[in-house]
Amino acid sequence: MTIKTVTTQPFTDQRPGTSGLRKRVDVFQQPNYLENFVQSVFNTLTDRRGQTLVIGGDGRYYNREALQIILRMAAANGVGRMLVGQGGILSTPAVSCLIRKYRALGGLVLSASHNPGGPEGDFGIKYNVSNGGPAPERITEAIFQNSLNIREYYTLDAADIQLDELGEQQLGAMQVVVVDSVADYAELMEQLFDFERMSQALRSGALSIRFDGMHAVTGPYAHAILEQRLGAPAGSVIRGTPLPDFGGAHPDPNLAHAQELAALMFSPQAPDLGAASDGDGDRNMILGRECYITPSDSLAILVANATLVPGYAKGLAGVARSMPTSRAVDRVAEQLGIECFETPTGWKFFGNLLDAGRITLCGEESFGTSSDHVREKDGLWAVLFWLNILAVRQESVSAIAHQHWTRYGRNFYTRHDYEAVDAERAQALMDALRRRGSELVGQRFGAFEIEYCDDFSYTDPIDETVSQGQGLRIGFSGSGGGPRIVYRLSGTGTQGATLRVYIERHEPTPERHDQDPQIALAELITLSQQLAEIEAYIGRTAPSVIT
Ligand code: VG1
Ligand code: CO
């Protein structure tokens, strides 16, 4: 089959963000837009010839079309073998699992994660490297530089691959293997968790779960693992069929977007555990009966209970959290006497620590938790971890959380997002705050005195790469690390800018642990708006989403 060389012009906006290249579907559908980016990836992979790559997506609109385009380009670029999820479906953690298991050179994830899908929604593409994790900044930057200079791309004149048929097919000189989307991932989960114990509890009715797949990628995984293997009654998984537009809903697992689940969990019919995952299956939300667990607390509780789970019974090497994530896990790590790292936002920053064996569990406040079993965050893994803990402890989610807070204190935490604001104004807000940093130190606002104000810079402990400008931190004096407000701009949005404000305060007194976080943090929330002059800069008096 002859390779076709197609002439093209560069686009200037193909710099990957926090998690790959994300744009509106109509941007991706422009002639050569996807092709340019994919060719830039291949150009960067100088050792791709004859190698294996993994590819799959979350099933959103344009997934199948994009897959066919990429497969033809891969063949024309000399890739030896492509492992493709059946129907084009693979969750982000499943891609990571397959890359590692089959020693692939890397993989491509087609997803815009929790962003809405459909013709009016978003699409995305992310390259993962041979450890199964997102490409580090050095590589994403090389891809971007390549995209600025690209003049041609390579493809084949060939018929479409049958994406729904398991097994081998040929595309030019390249082998395409359509693999079961769930099997390898499910097998990995069985190695980590006590399936027998969880299954007994679920089958006997001692334990019950409701999992919301949000019509995104985790549906097939949850049906197979929770219902078929573990025996949770049919109906335990809701919205379990992936749909190209996610049923018109927003596949973002939080209280605002998983309303049916949230309503159930705060009703008399609530099961023991409620959970949801996002578009590409790497996020998780955890709920108990009348109880919502923040992702930051979830990480801390998993770390504190890890030895109850077979895969982690030996204990943890260390842990890590992204900078804006609450410091609840720091306290647990301190008690356990293990290292705790603070990394910039984005899963790629955990990769080196995981590879070096310095950390076992890690997480982000944005509903992301995982371990060294893959190199991505893993939604269903977190749900199984909780289920395993519940099966062993035989206590409610709420009781476990309260005992945790009694022992370590509670880190009241909230994130306020100001979405789709003017990008220049948002940048001006950040610049002004950065400039005022040193003058703010020592100033007092009511009960709060500013102890430090800095722009977070991270030096990777393994390869010493420096990442600057990762968010502004304002720390106040006080016990338990002191209250903290963090400001940063999102790197995953596709419309204007999104300002994220993260607010946190440690509360040691158990009698005060049952407050609503928005009330417990009320003064700091007001202060977060005043200090950054949010209304003056971006014209908003309230956030668009609170988590
Ligand atoms: C957000 C989250 C970040 C997460 C990223 C990708 O990034 O804050 O913690 O790693 O999304 O998650 P940002 O730059 O918009 O704040 V996902 O589920 O899109 O892969
Ligand atoms: Co995601």
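Here, every reference points to the structure presented above.
Every chain begins its residue count from 1, and numbering advances along the sequence as written. As a convention, the first chain written is A and the first ligand written is 1, with the rest following in written order. Per-residue local features are limited, in this predicted model, to residues with pLDDT of at least 70; the limit for side-chain atom pairs, both in listing and counting, is 80 or more; totals at the level of whole chains, interfaces and linings are taken over all residues. As a rule here, side-chain values come from all non-hydrogen atoms in the structure, and water together with hydrogens is ignored.

A.B. asks: Summarise the coordination of the cobalt ion (ligand 2); cite the residues concerned and give the values.
C.D. replies: Note: metal donors comprise N, O and S atoms at 2.8 Å or less from the metal (3.2 Å for Na, K and Ca); water molecules are not included, so apparent gaps in a site are possible. Ligation of the cobalt ion (ligand 2) by protein atoms is provided by S113 (OG), D278 (OD), D280 (OD) and D282 (OD), these donors lying 2.0 to 2.1 Å from the ion. Between consecutive donor residues of the cobalt ion (ligand 2), the sequence gaps follow S-x164-D-x1-D-x1-D. Accessibility assignment for this pair places D278 and D282 in one class, buried. Exposure is judged per residue with a 1.4 Å probe applied to protein chains only, and the accessible area is read against the type maximum: over 50% gives exposed, under 20% gives buried, and values in between give partly exposed.

A.B. asks: Summarise the pairing of strand β10 (residues 209-212); cite the residues concerned and give the values.
C.D. replies: Strand pairing is defined by DSSP finding a minimum of two bridges between the two strands. Think of it this way: any DSSP run of H or I at least four residues long counts as a helix, any run of E at least two long counts as a strand, and we number them from the N terminus. Here β10 runs beside strand β12 (residues 273-277); their pairing, made up of four bridges, is parallel. Its bridge partner lying in β12, F211 is registered against A275. Where β10 meets strand β11 (residues 237-238), two bridges bridge the pair, whose relative direction is parallel. Each residue of the ladder has a partner; that of D212, found in β11, is I238.

A.B. asks: Which residues make up the pattern of salt bridges, and what values go with them?
C.D. replies: When a carboxyl oxygen of Asp or Glu is within 4 Å of a side-chain nitrogen of Lys or Arg, the pair counts as a salt bridge. Scanning all chains against the criterion turns up 37 salt bridges. Across the salt bridge formed by K101 and D184, the nearest N and O atoms sit 2.6 Å from each other. In this pair, K101 sits in helix α4 (residues 92-101) while D184 sits in helix α6 (residues 183-192), placing the two residues 83 residues apart along the sequence. Across the pair R375 and D355 runs a salt bridge, and its minimum N-O distance is 2.7 Å. Of this pair, R375 sits in the loop between β18 (368-371) and α13 (379-393) while D355 sits in helix α12 (residues 351-355), and the two are 20 residues apart along the sequence.

A.B. asks: Go over the sheet that holds strand β21 (residues 448-455) with me, naming the residues and quoting the values.
C.D. replies: The seven strands are arranged β20-β21-β24-β25-β26-β19-β27 in an open sheet whose pairing can be described as antiparallel. Edge positions in the open sheet fall to β20 (444-445) and β27 (545-546), since each of these has one partner strand only. With four bridges connecting them, strand β24 (residues 472-476) and strand β25 (residues 484-489) associate as antiparallel partners. When the bridges of β25 are listed, R473 appears paired with V486.

A.B. asks: Residues and numbers for the environment of R24, please.
C.D. replies: With respect to the helices and strands, R24 occurs in strand β2 (residues 21-24). Sequence separation of R24 and G493 is 469 residues, and the distance between their C-alpha atoms is 9.7 Å. Whether two residues are in contact is decided by their heavy atoms, any of which lying within 4.5 Å being enough. Each residue touching R24, except ones within four places of it in the same chain, is listed here: E120, G121, D122, F123, T494 and Q495. Counted as a polar contact is a pair of N or O atoms within 3.5 Å, where, for protein atoms, one must be capable of donating a hydrogen and the other of accepting one, and residues adjacent in sequence contribute only when both atoms are in side chains. Separated by 3.4 Å, the side chain of R24 and the backbone oxygen of E120 make a polar contact.

A.B. asks: Residues and numbers for the site of ligand 1, please.
C.D. replies: By convention in this text, a residue qualifies as near a molecule or strand provided that one of its non-hydrogen atoms is within 4 Å of it. Taken together, 21 residues lie around ligand 1, and T18, S113, S366, T492 and R500 are the ones closest in. At a separation of 3.4 Å, an oxygen atom of ligand 1 approaches a polar side-chain atom of H114. In terms of residue class, the shell around ligand 1 is made up of no nonpolar, 10 polar and 11 charged. Residue type decides the class: Asp, Glu, Lys and Arg count as charged, Ala, Val, Leu, Ile, Met, Phe, Trp, Tyr, Cys and Pro as nonpolar, and the leftover types, Gly among them, as polar.

A.B. asks: Go over the side chain of N115, please, and point to the residues and values.
C.D. replies: Examined against the element boundaries, N115 turns out to sit in the loop between β5 (106-110) and β6 (122-128). Taking the relative accessible area as the measure of exposure, N115 reaches 7% and is therefore buried. Polar contacts involving the side chain of N115 include one to the side chain of D122, which spans 3.0 Å.

A.B. asks: Describe the side chain of N411, listing the residues and the values that go with them.
C.D. replies: On the secondary structure map, N411 appears in strand β19 (residues 410-421). At 2.9 Å, the side chain of N411 and the side chain of E504 are in polar contact.

A.B. asks: Describe the nonpolar core, listing the residues and the values that go with them.
C.D. replies: Take the buried Ala, Val, Leu, Ile, Met, Phe, Trp, Tyr and Cys residues and link them wherever side-chain atoms come within 4.5 Å; each set so joined is a nonpolar core. Ranked by size, the top nonpolar core spans 74 residues in total, and within it M189, F193, L226, W381, F385 and L387 carry the most contacts. With 11 residues, the single largest contributor to this core is α13. Note that domain bounds follow an automatic or database assignment of domains. Shared between two domains, this core takes at least three residues from each, and those domains are domain 1 (2-180) and domain 2 (185-408). What M189 contacts, discounting residues up to four positions off in sequence, is F195, I225, H373, D378, W381 and L384. Core analysis: the next-biggest nonpolar cluster, separate from the first, contains 45 residues, L67, I69, Y127 and L171 among them.

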